[in-house]
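Chains, contacts and geometry: an overview
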Amino acid sequence: MSDLSPAIEPRDPAFLMRPERLASLQPSRFSASRSLVATMLRKGWTVDAERLQLDDRGDGTAVYRVETHAGVLSFVAFSTEPRFVDRTPRIIGRSWDMVGALLEGEADAGRIEQTRTELPKLYAGRAAPGTLVWCRSNRSLRAFEHAVEALADGRQPSLDRLRHVGYLMRNTGLDANGTFGTRTYLSYGPDHPLMAPYHAQMLTAYLMREFSFDLCDHLARAARPGAARLAPALRRHLGLGNGSALGLVLFVANHPRMVDRWLRVREDALARARRLGFPAGDPAYARLVSLLDGAIVHREQDPVRYGVFPAGPRLAAELRQVRERAAELRDEGPRGAHPFETLRRAVEGTVAPETEEILNALLMELLPDEVDEEFDRLIVDERLIGDPGMTVREFGAMLRGPYAWAHDLPLADEARRARVWYKSRAAEEPRSGPREQFPGGFDLSVDVPGDVRRLSRLMARYDPRTRVGRVLFDHPEERAAVERLQALRDLPYALPRMDMLDLDFLPVHVIRLANAAFYGLDRTKDFLGRTLRGLIFQGAPTRADLAGGDLGPWWQPREPDTEDMTLD
């Protein structure tokens, strides 16, 4: 049963929209990678390796066919032996171990050859018709070479050697939505199998992961015909590596409607879970304890050394405290109408924000069908349309109302508000640094606190009855800021309450919001406060597993035991 009392509402934006809190949000059923796998399992998708034409060095072509509930998709990968010129995980790289493309329909010879020719050109290239995503990846030399050598010797790779890497290949670029001539997302239409936001990119990442396993097996057999194959348990456990940097800060700043919708839908689902009330003995209580058990082991086995964020063993210890209280609900029954909300409030403030958000993500697992039904709400029109007919009085009331936080946000002095955001001329790579070091460049910053305060001063110079359109006629340089504020005034989760011009601002907080909460990456390790490295699809079912149906909570995997690391 469910208590629909309105007393428990989505959390206050003043609390949630602080960058530090946004960074603590965990992967959930709303994260793109997890919702993609759920779709693949629920709708019976299959993935087949149609073609693996690779030589003894791994050079060649692979083609994968994906049969979805709404048509065929193809993934084409072009593999080369690693070269060590211009090899970097950054987008400025020009040397990759694999480049590939996700195509609509069957991978015909013409589009394969066009992709083979155009993709290595990157910025100068143009995608073949029906291309959804271009991608690039490099092998993890430590893990990949060890795995090949072990398999060639007839044994499985050492889990100790793989643990600290977590992947065989890492993504260095997923380009879609019109980039390089790929099909724009808005053109997909409601019946497209990848109509959910970022499912095209996530399916490409999933197939890159599958290719990394197949390439590893192939090279081992090329070295020795009697080589072992990578055990299914290891295939499931390893993810795809990923690195993200400053571009995601600009992404969040420039997609406010998407950010608001994603957080709003997530908070609505969490509020529904917080309102749940079940009688004593209901399986939901045991389900939560089981999920917490899985989370504890997953965090205990996390070998990553974090900087800004709390380490796995600390989270595991705190989750044990949460589990004790959840076990009381299972064994003794609830003592109120909202037992899960009572549980949340009992641990709130006594554990790290990440621990609180792990619990929140697990509570949403108690409403799996209802949560999955909400995913369609994530599709949103991102246009920002202003209202030139608004009066200066109305505009001022808006700045003092929905945007009062921008007035109240403590700002550093002007000497410290000197960070500039820009793209490099050579590769359009997002960068950030002190303004004095980059004079004359085009600043990509979205300075909401500065905009609100500057526009407040500007509007004070006009008669309150004046239309905003008249002000913009006099000051056309303010149009973008005015339209942004007008368009987002009723969207409380659209804008992180941050000062991205502050030299002390930590970009990694906002990067982690996109990586973890939106995309579903785990073990997201911060580096220098401005880049994030993590894993996609760790624990996810492989293509061989898809026919077997739901594997349960794959997204918090335990390390495989020695006896599991045999061929199924």
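Residues numbered from 1 in each chain as written. Predicted model: local features only at pLDDT ≥ 70, side-chain atom pairs only at ≥ 80, totals over all residues. Heavy atoms only, no water.

With that settled, the discussion passes to the overall build of the chain. Of the regular secondary structure elements, the chain holds 21 helices and 11 strands. Relative to its length of 568 residues, the chain is compact, with a C-alpha radius of gyration of 25 Å against a globular reference of 24 Å. Counting only C-alpha atoms and orienting by the principal axes, one finds that the chain spans roughly 85 × 65 × 45 Å. Burial statistics for the chain: of 568 residues in total, 57% are counted as buried. (Helix = DSSP H or I, 4+ residues; strand = E, 2+ residues; numbered from the N terminus. Rg over C-alpha atoms; globule rule 2.2 N^0.38 Å. Buried < 20%, exposed > 50% of the residue type's maximum accessible area, 1.4 Å probe, protein only.)

Looking now at the pairing of strand S4 (residues 98-104). For S4, the tally of buried residues reaches six of seven residues, placing the bulk of the element in the interior. The sheet contact formed by S4 and strand S5 (residues 131-139) spans six bridges and is antiparallel. Paired with leucine 102 across the two strands is valine 133, which belongs to S5. (Pairing = 2+ DSSP bridges.)

Right, let's talk about empty space enclosed by the protein for a bit. Under the criterion given, the structure shown has five cavities of 30 Å³ or more. Its boundaries defined by the atoms lining it, the largest cavity holds a volume of some 240 Å³. Each residue belonging to the lining of the largest cavity can be placed in one class, and the counts come to 12 nonpolar, five polar and three charged. In this structure, the second largest cavity occupies an estimated 100 Å³ of space. Looking at the second largest cavity, it is lined by 15 residues, and the ones nearest its centre are Gln26, Arg299, Arg512, Asp522 and Thr524. Sorting the residues of the lining of the second largest cavity by element identifies helix H12 (312-332), helix H21 (507-519) and strand S10 (522-527) as the ones contributing at least two each. Of the residues contributing to the lining of the second largest cavity, the split by class is six nonpolar, three polar and six charged. (1 Å grid on protein atoms, 1.4 Å probe; cavity = no way out; pocket = protein on both sides within 12 Å on 5 of 7 lines; lining within 4 Å. Points joined across faces, edges and corners; volume = space filled by probe spheres on them. Nonpolar A, V, L, I, M, F, W, Y, C, P; charged D, E, K, R; others polar.)

This part is about the nonpolar core. Among the nonpolar cores identified, the biggest contains 157 residues, and Leu168, Leu194, Phe340, Phe395, Phe518 and Phe537 are the most heavily contacted of them. The element that contributes the greatest number of residues to this core is helix H7 (residues 199-223), accounting for 13 residues. Sequence-distant contacts of phenylalanine 340, that is, excluding residues within four places in its chain, are made with Ala273, Leu276, Phe278, Ala284, Tyr285, Leu288, Leu329, Leu363 and Leu366. Within the second largest apolar cluster, 13 residues are counted, among which are Phe78, Trp96, Leu119 and Trp134. (Core = buried A, V, L, I, M, F, W, Y, C linked by side-chain atoms within 4.5 Å. Contact = heavy atoms within 4.5 Å.)

Okay, the environment of leucine 215 next. By secondary structure assignment, the location of leucine 215 is in helix H7. Residue classification places leucine 215 among the buried positions, given a relative accessible area of 0%. Taking C-alpha positions, leucine 215 is 9.8 Å from aspartate 59, a pair spaced 156 residues apart along the chain. Filtering out sequence-adjacent residues up to four positions away, leucine 215 remains in contact with Leu54, Gly58, Ser79, Arg139 and Phe144.

A separate point is helix H5 (residues 141-152). Taking 1.5 Å per residue, 12 residues should reach 16 Å; H5 reaches 16 Å between its end C-alpha atoms and fits that length. Buried residues of H5: Ala143, Phe144, His146, Ala147, Val148, Ala150, Leu151 and Ala152, and no others. Within two residues after H5, glycine 154 carries a phi angle of roughly 85 degrees, on the positive side. (Expected span 1.5 Å × (residues − 1).)

This brings us to unusual backbone geometry. Phi at asparagine 177 takes a positive value of approximately 55 degrees, unusual for a residue other than glycine. Along the polypeptide, asparagine 177 turns up in the loop between strand S6 (167-176) and H7. In this structure asparagine 177 comes out as partly exposed when scored by relative accessible area, which is 47%. In this model, tyrosine 198 sits at a positive phi of 70 degrees, which is unusual for a non-glycine residue.

Going through the model one piece at a time under the given rule, you end up with 14 aromatic pairs. For the pair tyrosine 206 and phenylalanine 537, a centre-to-centre distance of 5.6 Å together with 85 degrees between the ring planes defines the contact as edge-to-face. Within this pair, whereas tyrosine 206 is found in helix H7, its partner phenylalanine 537 is found in the segment after strand S11 (531-536), the two being separated by 331 residues in sequence. On the accessibility criterion, tyrosine 206 (0% relative accessible area) is buried. Ring geometry for phenylalanine 278 versus tyrosine 285: centroids 6.4 Å apart, planes at 85 degrees, classification edge-to-face. When sorted by exposure, phenylalanine 278 lands in the same class as tyrosine 285, which is buried. Sitting over the ring of phenylalanine 309, arginine 512 keeps its end group 3.8 Å from the ring centre. Sitting over the face of the ring of phenylalanine 527, arginine 533 holds its NZ or CZ atom 4.5 Å from the ring centroid. (Phe/Tyr/Trp six-rings, centres within 6.5 Å; stacked < 30°, edge-to-face > 60°. Lys NZ or Arg CZ within 6 Å of the ring centre and 35° of its normal.)

As a further point, take the sheet that holds S10. The strand order across the open sheet formed by nine strands is S1-S2-S3-S4-S5-S6-S7-S11-S10, and the pairing between neighbours is mixed. The sheet is open, and its two edges are formed by strand S1 (46-54) and S10, each paired on a single side. Put simply, the sheet's adjacent strands are angled 25 degrees from each other on average, direction ignored. Across the face of the sheet, H5 comes into contact with S5 and S6 while running at roughly 130 degrees to S6. (Axes fitted to C-alpha atoms, helices over the stretch in contact; angles between N-to-C directions.)

This part covers H21. Over its 13 residues, H21 extends 17 Å from the first C-alpha to the last, a length consistent with the 18 Å expected when each residue adds 1.5 Å. Summarising burial for H21: 13 of the 13 residues are buried, a large majority. Taken from the residues just after H21, glycine 520 is the one with a positive phi, measuring 95 degrees.

Direction vectors running N to C along helix H11 (residues 283-300) and helix H14 (residues 353-364) enclose 140 degrees, while the axes themselves pass 10 Å from each other. Comparing their axes, H14 and H11 come out oblique. Both H11 and H14 take part in a crossing whose hand is right-handed. Residues Leu288, Leu291, Leu292, Ala295 and Arg299 of H11 pack against Ile358, Leu359, Leu362 and Leu363 of H14. Considering only residue class, the contact of H11 with H14 consists of eight nonpolar, no polar and one charged. (Parallel < 35°, antiparallel > 145°, perpendicular 65-115°, else oblique. Left-handed = near helix turned anticlockwise from the far one by under 90°.)

We now examine the side chain of aspartate 175. Relative to the helices and strands, aspartate 175 resides in strand S6. A polar contact is formed between the side chain of aspartate 175 and the side chain of arginine 136, at a distance of 2.5 Å. The residues contacting aspartate 175, other than those within four sequence positions of it, are Leu122, Leu132, Val133, Trp134, Arg136, Phe180 and Thr182. (Polar contact = N/O pair within 3.5 Å; in protein donor to acceptor, adjacent residues only side chain to side chain.)

This paragraph deals with the state of the cysteines. Here is the idea: a disulfide is a covalent bond, and it sits between the sulfur atoms of two cysteines. Under the criterion given, the structure shown has zero disulfides. With no disulfide of its own, cysteine 135 lies closest to cysteine 216 among cysteine sulfurs, the gap being 18 Å. (Disulfide = S-S within 2.5 Å.)

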